[in-house]
Amino acid sequence: MATVKEGLYYSESHEFVKVEGDFAFIGITDYAQHALGNVVYVDLPEVDDEVTAGEEFGAVESVKAASDIIAPVSGTIVEVNDALDDQPELLNQDPWENWIIKVELSDKSELDALMDAKAYAEFCEK
């Protein structure tokens, strides 16, 4: 059973958002990494790229599928988790600690459209 962490925001496309001040760490959920299987490649964006809520900003490839990563919020990328270039399997080992990008939020109200842990857990059960 996939784990869901309290205190984070979740999208229907299985990304999580961890907010710290004006910044958000975005990654894929435990549910997503279980569904993908062994991750073999992560297509990462560049620092200073703009991301828009609902738009693709990268992709995760596993031995059985490739999946676009959809930005749950809008902002400017201030950091990319470069460790995933050499070790994409980190997403399988601990998706919560191995976020994909850190963005400076451009519109915090977008968080209101995302699910909390309880709503996401119920969404995953459907």
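Everything here concerns the structure above.
Residues numbered from 1 in each chain as written. Predicted model: local features only at pLDDT ≥ 70, side-chain atom pairs only at ≥ 80, totals over all residues. Heavy atoms only, no water.

On to the sheet that holds strand β7 (residues 66-70). Spatial ordering of the open sheet is given by β4-β6-β7, a layout of three strands whose pairing is antiparallel. Each edge of the open sheet carries a strand with a single partner, namely β4 (39-43) and β7. Between one strand axis and the next, the sheet turns by 25° as a mean value, whatever way the strands run. Sheet analysis places β4 next to strand β6 (residues 56-62), joined by four bridges and oriented antiparallel. Note on β6: the bridge partner recorded for valine 39 is serine 62. (Pairing = 2+ DSSP bridges. Helix = DSSP H or I, 4+ residues; strand = E, 2+ residues; numbered from the N terminus. Axes fitted to C-alpha atoms, helices over the stretch in contact; angles between N-to-C directions.)

Right, let's get into the side chain of asparagine 92. Considering the arrangement of structural elements, one finds asparagine 92 in helix α3 (residues 90-93). If we skip the residues at most four places from it in the chain, asparagine 92 touches Gln33, Gly37, Asn38 and Val39. (Contact = heavy atoms within 4.5 Å.)

The next point concerns a nonpolar patch on the surface. On the surface, Val40, Tyr41 and Val63 cluster together into a nonpolar patch covering about 290 Å² of accessible area. Tracing the backbone shows valine 40 in strand β4. Owing to a relative accessible area of 45%, valine 40 belongs among the partly exposed residues under this scheme. (Patch = residues over 30% accessible without salt bridge, like charges linked within 9 Å, V, L, I, M, F, W, Y side chains within 5 Å. Areas by Shrake-Rupley, 256 points an atom, 1.4 Å probe, with all protein chains shown as cover. Salt bridge = Lys/Arg side-chain N within 4 Å of Asp/Glu carboxyl O. Buried < 20%, exposed > 50% of the residue type's maximum accessible area, 1.4 Å probe, protein only.)

So far we have only geometry, and geometry alone does not tell us how the molecule works.
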